[in-house]
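Fold and geometry: a report
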Amino acid sequence: MPKDHHTPSSGFDASTAHVDADGYARMYQASVQDPDAFWGEQGKRLDWMTPYTKVKNTSFAPGNIDIRWFEDGTLNVAANCIDRHLETRGDQTAIIWEPDDLGTDAPQHITYRQLHDKVCRMANVLLDLGVEKGDRVVIYLPMIPEAAYAMLACARIGAIHSIVFAGFSPDALAARIQGCDAKLVITADEAPRGGRKTPLKSNADQALLHCKDDVSCLVVKRTGGQTTWTARDRDCLALMEEASDECPPEEMGAEDPLFILYTSGSTGQPKGVVHTTGGYLVYASLTHEIVFDYHEGDVFWCTADVGWVTGHSYIVYGPLANGATTVMFEGVPTYPDAGRFWETCERHGVTQFYTAPTAIRALMGAGDDWVKKYDLSALRVLGSVGEPINPEAWNWYNEVVGGGRCPIVDTFWQTETGGHMLTPLPGATKLKPGAAQQPFFGVQPVVLEPTSGKVIEGNDVEGVLCIADSWPGQMRTVWGDHARFEKTYFGDYAGYYFSGDGCRRDADGDYWITGRVDDVINVSGHRMGTAEVESALVAHEKVAEAAVVGYPHDVKGQGIYAYVTLMDGQEPSDALRKELSDWVRAEIGPIAKPDLVQWAPGLPKTRSGKIMRRILRKIAEDDFGALGDTSTLADPSVVDDLIANRMNRT
Ligand code: WT7
């Protein structure tokens, strides 16, 4: 753990920041002492069709996890993100679209008025296809404006969207279409990314083979690439041309679902995280404004994909609810070269830039010259998200990218939390590289003793991170399985929301996330359940058994380390290693591909047959000096073999 230290005050002009240190302390106290009053006031940042009279109605009580915010209010998310801005900023750019390849496509500036036109047209297309309020629509698109139109079109008519990241395989897509019983899939012919094209439509075709016959498919012609058209396919852009550009927004209850987003957990299949309408939007919009110190006229760029929650909250919903100009980037940080981010920041005058440590580390490795070539003087705030940022990367981001002028907000949050939970605030927090530092308004972090579940008071302590009470952006349930919601997040520590992360509260009371304490690993800021990778591996005919753990990786944060026991008679070989890695890639997607595969004649198991993952983690970390107690193993000698043949020697 790095030594805690405060950075020298940067050149950031704190006088115009929304919140200063005293303001933060005051507002935070108010938010936790009287949540009804605090959030009742904050809720007014949205336009309500029927104003709410109740604010917070939440229970973390065992057996009765029930979370409602603004429950008797009604509103429409699309109307809040578009219509209400038309009078004052109809001609302002809402979305700047930055294509993958500037040689083939030009950036687009889409005004709020144009956004209104497109979203209404797409909403009418959905209605014509029979999509009704409450129906689920799966979105499997590249990072193109149509992805935002599709989200907002669903919101406009009250359909529930579920975005599947375009990097996911046909099988993963099929599981999600089935999981939420979607009526329609919106996809594109191909997804250009880093100069390569992913055949989304053909992936969707394969996925739909496993789904009900009556799922329709709306196809956006992105590249014009060859695709086969079937009876269930419709041409999205052609239908939008013909559709009316007016579509009244549906009146939604604050607690009606807005979207489902599947995310990996420590066991079994990914969970459908459900976010609802009112509380989510209040929270996304307030965090966007305060955490990034967003002001009128700013150009905000979050480099995430809308396939992840970061893209939902901080590319689309938060910024558009605030009437911001938001950048949507189709490509990757290193295409056509390692200057792409910085060139794009210069060209669009980006004022807030929000990315993941893995990208920062990769670009740091490419050298400072790529950054110094460009004028980044418009930048005011930098953000980091997805995993802990190591101080070396933090310092580079601060000095080379931010020129020492831009506060870095290291935002800790999760798919489940809807928006930021722990984060410094620009101008209000003295920054510590690597720490997520302080709770956002309304968030009550507690550190618990992992085994007893006792609350650890005081500072300079370490344990698991839980949250003591609800905040408006919190997920409400797991789609179709409220019992799983209760068990996963409230089952281990009664009365608390359990994050799954370990944390330290330092001597000053600042929080440091120490990483997941469950069987979830974080690869390049993407969350992966080890159980998912294991089940993909054992689905291969040559694999008898598999155990997967994370290990430290210089660029990705964590890499995927797989221990594989082959079926009797199968010969280990490098070719088979590659075959298995490619198999997992095809089963789940490129992000799940194992980095290292070790042949394990046996796995360390207790006499009752439970795999001792602690030992496997240690070996993968190349830290087998302190394996702890191995006396309960059925056959302690397997450990020696695993150590001798480990893949991660340093
Ligand atoms: C997990 C959530 C919502 C953000 C994108 C990832 C880790 C996230 C940080 C941070 C340390 C972080 C945690 C968390 N994480 N942000 N600033 N510092 N760790 O969302 O896929 O739901 O993953 O990402 O381990 O539990 P996600």
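If you're wondering where the values come from, they're calculated on a predicted model, not measured in any experiment. Residue positions within a chain follow its written sequence, with the count starting from 1. At least 70 in pLDDT is required for a residue's local features to be given in this predicted model, at least 80 for side-chain atom pairs to be given and counted, and no such filter applies to totals for whole chains, interfaces and linings, which use all residues.

Considerations on the overall build of the chain
Along its length, the chain carries 20 helices and 30 strands. Computed over its C-alpha atoms, the radius of gyration of the chain comes to 24 Å, within 12% of the 26 Å expected for a compact globule of 650 residues. Taking the principal axes of the C-alpha coordinates as reference, the chain spans close to 75 × 60 × 55 Å. Here exposure depends only on C-beta density: within 10 Å of a residue's C-beta, 20 or more other C-beta atoms make it buried, 12 or fewer make it exposed, and intermediate numbers make it partly exposed, the C-beta atoms being placed from the backbone. Looking at the 650 residues of the chain, the share that counts as buried comes to 54%. By the criteria applied, helices consist of DSSP H or I runs no shorter than four residues and strands consist of E runs no shorter than two, each listed in order from the N terminus. Radius of gyration: C-alpha atoms only; globule rule: 2.2 Å multiplied by the number of residues to the exponent 0.38.

What to know about the sheet that holds strand β25 (residues 511-516)
Any two strands with at least two DSSP-identified bridges between them are counted as paired. Taken in spatial order, the 4 strands line up as β21-β22-β24-β25 in an open sheet, and their pairing is antiparallel. Single-partner strands in this sheet number two, and they are β21 (445-448) and β25. Across this sheet, the average inter-strand angle for adjacent strands is 45 degrees, counted without regard to direction. Examined bridge by bridge, strand β22 (residues 461-467) and strand β24 (residues 497-505) share 6 bridges and lie antiparallel to one another. The residue bridging Ile-467 from the neighbouring strand is Tyr-497, located in β24. Fitted lines through C-alpha atoms serve as axes, helices being fitted only where they are in contact, and the angles separating the N-to-C directions of these axes extend from 0 to 180 degrees.

Quick look at unusual backbone geometry
The amide bond that connects Tyr-335 to the next residue, Pro-336, takes the cis arrangement and shows omega of 0 degrees. Here Pro-336 shows up in the loop between β17 (325-329) and α12 (340-348). For Asp-293, which is not a glycine, the phi torsion comes out positive at approximately 45 degrees.

Let's talk about the pairing of strand β19 (residues 381-385)
It is a general feature of regular strands that their side chains alternate between the two faces of the sheet. In terms of residue burial, β19 counts as a mostly covered element, since 5 of its 5 residues are buried. Of the two faces of β19, the one holding Val-381, Gly-383 and Val-385 and the one holding Leu-382 and Ser-384 are both buried throughout. In terms of strand pairing, strand β18 (residues 352-355) meets β19 through 4 bridges, oriented parallel. Directly across from Thr-355, in β19, lies its bridge partner Ser-384. Of the pairings in the sheet, the one linking β19 to strand β20 (residues 408-411) comprises 4 bridges and is parallel in character.

Structural notes on the domain arrangement of the chain
Domain boundaries in the chain define domain 1 (76-329) and domain 2 (524-645). Start and end positions for the domains come from either an automated domain assignment or a database one. Relative placement of domain 1 and domain 2: their C-alpha centres are 36 Å apart. We call two residues in contact when their backbone-placed C-beta atoms lie within 7 Å. With 11 residues of domain 1 in contact, the opposing surface of domain 2 contributes 11 residues. Each residue receives one of three labels: charged for Asp, Glu, Lys and Arg, nonpolar for Ala, Val, Leu, Ile, Met, Phe, Trp, Tyr, Cys and Pro, and polar for the others, Gly being one of them. Its residues assigned to classes, the side of domain 1 that touches domain 2 comprises 2 nonpolar, 8 polar and 1 charged.

Notes on the packing of helix α17 (residues 530-538) against helix α18 (residues 574-587)
How two helices pack is summed up by the angle between their axes together with the distance between the axes. Running from amino to carboxyl end, α17 crosses α18 at an angle of 115 degrees, the nearest separation of the two axes being 9 Å. Helix-helix and strand crossings are classified by hand; for α17 and α18 the assignment is right-handed. For the pair α17 and α18, contact is made by Val-533, Ala-536 and Leu-537 and by Leu-580, Val-584 and Glu-587, respectively. In terms of residue class, the contact of α17 with α18 is built from 5 nonpolar, no polar and 1 charged. For any pair of crossing helices, the crossing counts as left-handed if the nearer helix is rotated counterclockwise from the farther one by less than a right angle, and right-handed if it is rotated clockwise.

Concerning the site of the ligand
The rule is simple: place the C-beta atom from the backbone, and if it lies within 6 Å of a molecule or strand, the residue is near it. Residues in contact with the ligand amount to 21 residues; listed here are only the nearest, Phe-412, Gln-414, Thr-415, Ile-513 and Arg-527. Those elements giving two or more residues to the shell around the ligand turn out to be α11 (309-321), β20, β24 and β25. When residues of the shell around the ligand are assigned to their parent elements, the largest contribution, 3 residues, is made by β24. Among the residues forming the shell around the ligand, the class breakdown is 7 nonpolar, 9 polar and 5 charged.

Digging into the sheet that holds strand β5 (residues 108-111)
Across the sheet, 7 strands lie side by side as β5-β4-β17-β16-β18-β19-β20; this open sheet has mixed pairing. Only two strands of the sheet have a single neighbouring strand rather than two, namely β5 and β20. This sheet shows a mean twist of 20 degrees between the axes of neighbouring strands, independent of strand direction. In the packing of helix α6 (residues 145-157) onto the sheet, contacts are made with β4 (93-98), β5 and β17, and the angle to β4 comes to roughly 140 degrees.

Describing the UniProt feature "binding site: Mg(2+)" (unreviewed entry) in the chain
UniProt positions are given in the numbering used here, feature names are shortened, and annotations may be inferred rather than shown by experiment. The sites that UniProt annotates as "binding site: Mg(2+)" (unreviewed entry) are Val-538, His-540 and Val-543. With respect to the secondary-structure elements, Val-538 resides in helix α17. Accessibility expressed as a C-beta count within 10 Å gives 14 for Val-538, which makes it partly exposed. Contacts of Val-538, omitting those with residues within four sequence positions, involve Val-543, Glu-545 and Ala-546. Looking at where His-540 falls in the secondary structure, it is placed in the loop between α17 and β28 (543-553). His-540 gets classed as partly exposed once you count the C-beta atoms within 10 Å, which come to 18. Beyond its immediate chain neighbours, meaning those up to four positions away, His-540 contacts Leu-580 and Trp-583.

Here we look at helix α5 (residues 112-128)
Over its 17 residues, α5 extends 24 Å from the first C-alpha to the last, a length consistent with the 24 Å expected when each residue adds 1.5 Å. With 12 of its 17 residues buried, α5 lies for the most part within the structure. Looking at α5, one finds that the buried residues are Tyr-112, Leu-115, His-116, Lys-118, Val-119, Cys-120, Arg-121, Met-122, Ala-123, Asn-124, Val-125 and Leu-126. Two residues or fewer after α5 comes Gly-130, characterised by a positive phi angle close to 90 degrees. Expected helix span is given by 1.5 Å per residue-to-residue step, counting one fewer step than there are residues.

Points about helix α15 (residues 391-401)
Taken together, the buried positions of α15 are Ala-393, Trp-394, Tyr-397, Asn-398, Val-400 and Val-401. Next to the buried residues of α15 lie α13 (357-366), α14 (369-372), β19 and β20. Looking one or two residues beyond α15, the residue adopting positive phi is Gly-403, at roughly 55 degrees.

Here's the deal with the pairing of strand β26 (residues 520-523)
Along β26, one buried face is formed by Val-520 and Asn-522 and the opposite face, lined by Ile-521 and Val-523, is buried too. As paired elements, β26 and strand β27 (residues 526-529) share 4 bridges and run antiparallel to each other. In the strand pairing of β27, Val-523 is matched with His-526.

Some details on the packing of α13 against α15
At their nearest, the axes of α13 and α15 sit 10 Å apart, and the two run at 75 degrees to each other. Overall, the two elements α13 and α15 adopt an arrangement that is roughly perpendicular. The segment α13 lies against α15, with Pro-357, Ile-360, Arg-361 and Met-364 engaging Ala-393, Trp-396 and Tyr-397. Of the residues that constitute the contact of α13 with α15, the class distribution is 6 nonpolar, no polar and 1 charged. By the definition adopted for this analysis, an angle is roughly parallel if under 35 degrees, roughly antiparallel if over 145, roughly perpendicular if from 65 to 115, and oblique otherwise.

With respect to the environment of Asp-622
Locating Asp-622 in the fold gives a position in the loop between α19 (613-620) and α20 (637-644). By the C-beta count within 10 Å, which is 15 here, Asp-622 ends up partly exposed. Separated by 99 residues in sequence, Asp-622 and Val-523 place their C-alpha atoms 18 Å apart.

Comments concerning the confidence of the model for the chain
A low pLDDT means the predicted coordinates there should not be read in detail. Confidence along the chain averages 95 in pLDDT terms, with 98% of residues attaining 70 or more. For every residue, the pLDDT score states the predictor's confidence, bounded by 0 at the bottom and 100 at the top. In this model residues 1-5 is a low-confidence stretch, pLDDT under 50, and it forms 6 contacts with partners more than four residues away in sequence or in other chains. If you check the scores for this complex, the pTM reads 0.94 and the ipTM reads 0.99.

Re the environment of Ala-174
Within the secondary structure, Ala-174 is located in helix α7 (residues 170-179). Each C-alpha atom of the pair Ala-174 and Val-164 lies 10.0 Å from the other, and the pair is 10 residues apart in sequence. Those residues in contact with Ala-174 that lie beyond four places of it in its chain are Ala-207, His-210 and Cys-211.

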